[in-house]
Amino acid sequence: KKGDKLVSLDKKMDTIASLWQRPLGVNSKADEPALTKAQLIDIIIEWKFLKGKPRNALKPLLNANSDTTINECSRRAFRIAKAIRQCGPSHENWDESNTSMSMAISELCKLKGIGPATASAILGMYRPDIFAFMDDEVIESLYNGKRGYTLKIYLDINGR
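Residues numbered from 1 in each chain as written. Predicted model: local features only at pLDDT ≥ 70, side-chain atom pairs only at ≥ 80, totals over all residues. Heavy atoms only, no water.

Draft legend 1. Region of interest: the overall build of the protein chain. Looking only at helices and strands, the protein chain features nine helices and zero strands. Walking the protein chain from its N terminus toward its C terminus, one meets helices and strands in the order α-α-α-α-α-α-α-α-α. Residues counted as buried form 43% of the 160 residues belonging to the protein chain. Across the protein chain, the fraction of contacts at a sequence separation of at least 24, relative to all contacts at a separation of at least 6, is 62%. Split by element, the accessible area of the protein chain, about 8800 Å² in all, is 54% carbon and sulfur. (Helix = DSSP H or I, 4+ residues; strand = E, 2+ residues; numbered from the N terminus. Buried < 20%, exposed > 50% of the residue type's maximum accessible area, 1.4 Å probe, protein only. Contact = heavy atoms within 4.5 Å. Areas by Shrake-Rupley, 256 points an atom, 1.4 Å probe, with all protein chains shown as cover.)

Below you can see the structure in the form of structure tokens.
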């Protein structure tokens, strides 16, 4: 049953991601990608809690965010993420990209109940070529220290 729900949420996330990744139309401000409160709570958080350990204590914090605040923070984060250039094999623009990734994640972390792991899930939907999801298994596989959910740890594992 949990697997069926996860598959359904995966499909919903793919649909949202495809909308965010489409080219901007004539009315670019209105077409600019943004996250809604319903998408955050009913799809992304639900998906994240099914994939890993549910942190139900975060739900009141998440619900305290207004749709307007979620929309504005996500627009700013997506604008930053859109401008990030991929690093080549020699990591020629790594510092610049790392700074921009940090800024995009930090923008989403301004929302109550959102940390680097959830921010990485959101940004990974928008720019899967740049942002990996900070999943428990990813941390355990790629991080040598004690598992944590900090921006520093995220940037370390995402750079591998």
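Alright, that's what it looks like, and here's the rest.
Draft legend 2. Quick peek at the side chain of Ser 74. Looking at where Ser 74 falls in the secondary structure, it is placed in helix 5 (residues 67–82). Within the structure, the side chain of Ser 74 is placed 2.9 Å from the backbone oxygen of Asn 71, a separation counted as a polar contact. Contacts of Ser 74, omitting those with residues within four sequence positions, involve Ala 34, Leu 35 and Leu 108. (Polar contact = N/O pair within 3.5 Å; in protein donor to acceptor, adjacent residues only side chain to side chain.)

Draft legend 3. Structural detail: the nonpolar core. Membership of the largest hydrophobic core comes to 44 residues, with the highest contact counts inside it found for Trp 20, Leu 40, Ile 44, Leu 108, Ile 122, Leu 123 and Phe 131. Per-element accounting of this core gives the leading share, eight residues, to helix 3 (residues 37–51). The residues touching Ile 44, leaving out its near neighbours within four places in the chain, are Met 13, Trp 20, Leu 35, Gln 39, Ala 121, Ile 122 and Met 125. (Core = buried A, V, L, I, M, F, W, Y, C linked by side-chain atoms within 4.5 Å.)

Draft legend 4. The arrangement of the environment of Pro 116 in detail. Among the secondary structure elements, Pro 116 is positioned in helix 7 (residues 116–126). Sequence-wise, Pro 116 and Ser 102 are 14 residues apart; in three dimensions their C-alpha atoms are separated by 9.3 Å. When sequence neighbours within four positions are dropped, the list of residues in contact with Pro 116 reads Ile 105, Cys 109, Met 134, Tyr 149, Thr 150 and Leu 151.

Draft legend 5. Focus on helix 7. For helix 7, the buried fraction is high: eleven of the eleven residues fall into the buried class. Of all the residues in helix 7, the buried ones are Pro 116, Ala 117, Thr 118, Ala 119, Ser 120, Ala 121, Ile 122, Leu 123, Gly 124, Met 125 and Tyr 126.

Draft legend 6. Quick look at the side chain of Asn 158. Mapped onto the elements, Asn 158 comes out in helix 9 (residues 151–158). A residue is classified by how much of its surface remains accessible, and Asn 158, at 13% relative accessible area, is buried. At a separation of 2.9 Å, a polar atom in the side chain of Asn 158 contacts the main-chain amide nitrogen of Ala 132. Discounting residues that sit within four places of it in the chain, Asn 158 has contacts with Met 101, Ile 130, Phe 131 and Ala 132.

Draft legend 7. Region of the structure containing the state of the cysteines. All chains considered together, the criterion is met by zero disulfides. Take Cys 109: it sits in no disulfide, and the sulfur closest to it among the cysteines is that of Cys 73, at 10.0 Å. Exposure remark for Cys 109: the relative accessible area of 26% places this residue in the partly exposed category. (Disulfide = S-S within 2.5 Å.)

Draft legend 8. Representation of the pattern of salt bridges within the structure. Applying the stated criterion to the full structure yields eight salt bridges. Measuring nitrogen to oxygen at the nearest pair gives 3.5 Å for the salt bridge that ties Glu 32 to Arg 75. With Glu 32 in the loop between helix 2 (28–31) and helix 3 and Arg 75 in helix 5, this pair connects stretches of sequence that are 43 residues apart. Residue Glu 32 shares its accessibility class with Arg 75, and that shared class is buried. (Salt bridge = Lys/Arg side-chain N within 4 Å of Asp/Glu carboxyl O.)

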